Amino acid sequence: MLSKFVKSTALIALTVCTLNAADFNAGAEKDRIAAIKYFEAKFADPEKNKNTFFPYSTDDELKNDYAKNLKHNDFAIGAYSFSKDAKSQYEAIKEMPPYEDGIEKGEELYNKKFANGNSLATCFPNPAVSGNYPYFDQKKKELVSLTSAVNDCLRANGEKEWNTQKGDMANFQAFLASSSTEAGKKVDIKISSADAKKAYENGKEYYYSQKGYLKLSCAECHVQGAGIRVRNEKLSPLTGQMTHFPVYRLKWDELGTIERRISGCIVDQGQVSPKDESTQMKELLYFLAYMSNGMAVDGPDVRK
């Protein structure tokens, strides 16, 4: 059965494309469209697709707990999109979301003056920018993640950098995400040079490569395994995983950045996670963000 999953996702993992100088994102766009088609087909009717995609799920579960006919933008809320029970719990929590205090703290941080008179507002004059990161800085020839951009601003103004996974960083990013959501922004990641294309391909390779003593890849859980129940939770799909961070995770009882979530997931796979501001982490984020291109920013959000 795993061989069927692998064949079903071959277009995503093995796409090869010859690009000209004006079309560096052609291969990435084929990956994105292939992923959308794969997930829409997988969740068109999970009960009918049992033998192909859900061999270990019960008939009763597939009939009663899985939603049908999901489309691209539905996947922005992860596993809540196809699990009826989880979605009802999610919607109940969203009526009084636990992250509102974090947004307020983030806005205060945005306007707080540094010792030199500048502020984060100096570096981010328009706070509705969550959907534009990571981006490839053509002058520096490197990727800039939202987390690294915040710390770069702090360092450039003589301020102490923040923890990359929680606290002020997560609260400030919650304010940016909320501003982006209110402004109706969508994820908009550009690949406009050979160096940027290489960074995307590196991130894609990391996502699909088996690593660690368990010999797992990100794709085994979030492509082939998307929608499959592991213990009491169903695994989320690749498409849409970057639309909603930072998240208030009930397990954490606080807001956390995308780097925190990815690091924890990689450690659970039996791997050593890249450093949060490392090139390898940024490349992985670049790939993930591109695969959410065109989807509405809807952060911050809640996850279990």
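Quick caveat: nothing in here was measured; it's all calculated off a predicted structure. The residue numbering used here restarts from 1 in each chain and proceeds along that chain's sequence as written. Owing to the predicted nature of the model, reporting of local features is limited to residues with pLDDT of at least 70; listing and counting of side-chain atom pairs is limited to 80 or more, with chain, interface and lining totals taken over all residues. Values reported for side chains reflect all heavy atoms of the structure, with hydrogen atoms and water molecules removed beforehand.

1. Digging into the packing of helix 11 (residues 194-208) against helix 14 (residues 279-290)
Packing of helix 11 against helix 14 leaves a shortest axis separation of 7 Å and a crossing angle of 90°. It follows from the interaxial angle that helix 11 and helix 14 lie roughly perpendicular. For the pair formed by helix 11 and helix 14, the contact residues are Ala 196, Ala 199, Tyr 200, Asn 202, Gly 203, Lys 204, Tyr 206, Tyr 207 and Tyr 208 on the first element and Gln 280, Glu 283, Leu 284, Tyr 286, Phe 287, Leu 288 and Tyr 290 on the second. In this count, Pro and Cys sit with the nonpolar residues alongside Ala, Val, Leu, Ile, Met, Phe, Trp and Tyr, while Asp, Glu, Lys and Arg are called charged and the others, Gly among them, polar. Here the residues of the contact of helix 11 with helix 14 sort into 11 nonpolar, 3 polar and 2 charged. For every element, the axis is a line fit to its C-alpha atoms; helices are fit only across the contacting stretch, and the angle between N-to-C directions ranges from 0 to 180 degrees. For helices the rule is a DSSP run of H or I covering at least 4 residues; for strands it is a run of E covering at least 2, with both sets numbered from the N terminus onward. Note that the term roughly parallel is reserved for angles under 35 degrees, roughly antiparallel for angles over 145, roughly perpendicular for angles of 65 to 115, and oblique for everything else. Contacts are assigned to residue pairs with any non-hydrogen atoms lying within 4.5 Å of each other.

2. A closer look at the UniProt feature "binding site: heme c 1" (unreviewed entry) in the chain
UniProt positions are given in the numbering used here, feature names are shortened, and annotations may be inferred rather than shown by experiment. Feature annotation in UniProt places "binding site: heme c 1" (unreviewed entry) on Cys 123 and Cys 153, given in this structure's numbering. Across 31 residues, the annotated set stays spatially compact, with a maximum C-alpha separation of 6.3 Å. With respect to the helices and strands, the residue Cys 123 is situated in helix 8 (residues 120-123). Relative accessibility thresholds used throughout: buried, under 20% of the residue-type maximum; exposed, over 50%; partly exposed, between the two (1.4 Å probe, protein chains only). Judged by relative accessible area, Cys 123 falls into the partly exposed class, the value being 35%. Contacts of Cys 123, omitting those with residues within four sequence positions, involve Cys 153 and Asn 157. Once residues lying within four places of it in the same chain are set aside, the contact partners of Cys 153 are Phe 114, Ser 119, Leu 120, Cys 123 and Phe 124.

3. Focus on empty space enclosed by the protein
Definitions used for this entry: grid spacing 1 Å over protein atoms alone; cavity, a set of points where a 1.4 Å probe fits but cannot get out; pocket, an open set with protein on both sides within 12 Å along at least 5 of 7 lines; lining residue, one with an atom within 4 Å of a point. Grid points are joined across faces, edges and corners, and a volume is the space filled by probe spheres set on the points. Scanning the model with the defined rule gives 1 cavity of 30 Å³ or more in all. Taken together, 19 residues form the lining of the largest cavity, with Ser 130, Tyr 133, Leu 146, Met 242 and Phe 245 sitting closest to its centre. Looking at the lining of the largest cavity, the elements that each hand over two or more residues are helix 9 (146-156), helix 13 (258-268) and helix 14. Tallied by class, the residues present in the lining of the largest cavity amount to 11 nonpolar, 7 polar and 1 charged.

4. Description of unusual backbone geometry
Pro 134 follows Tyr 133 through a cis peptide bond whose omega is -5°. With omega at 5°, the peptide bond leading from Phe 245 into Pro 246 counts as cis. Looking at the secondary structure, you find Pro 246 in the loop between strand 4 (233-234) and strand 5 (247-249). A positive phi angle, close to 55°, is found at Asn 69, a residue other than glycine. Residue placement: Asn 69 occurs in the loop between helix 5 (59-64) and helix 6 (84-94). In the Ramachandran plot, Asp 253 falls in the positive-phi region, its phi being about 60° despite a non-glycine side chain. Within the secondary structure layout, Asp 253 lies in the loop between strand 5 and strand 6 (254-256).

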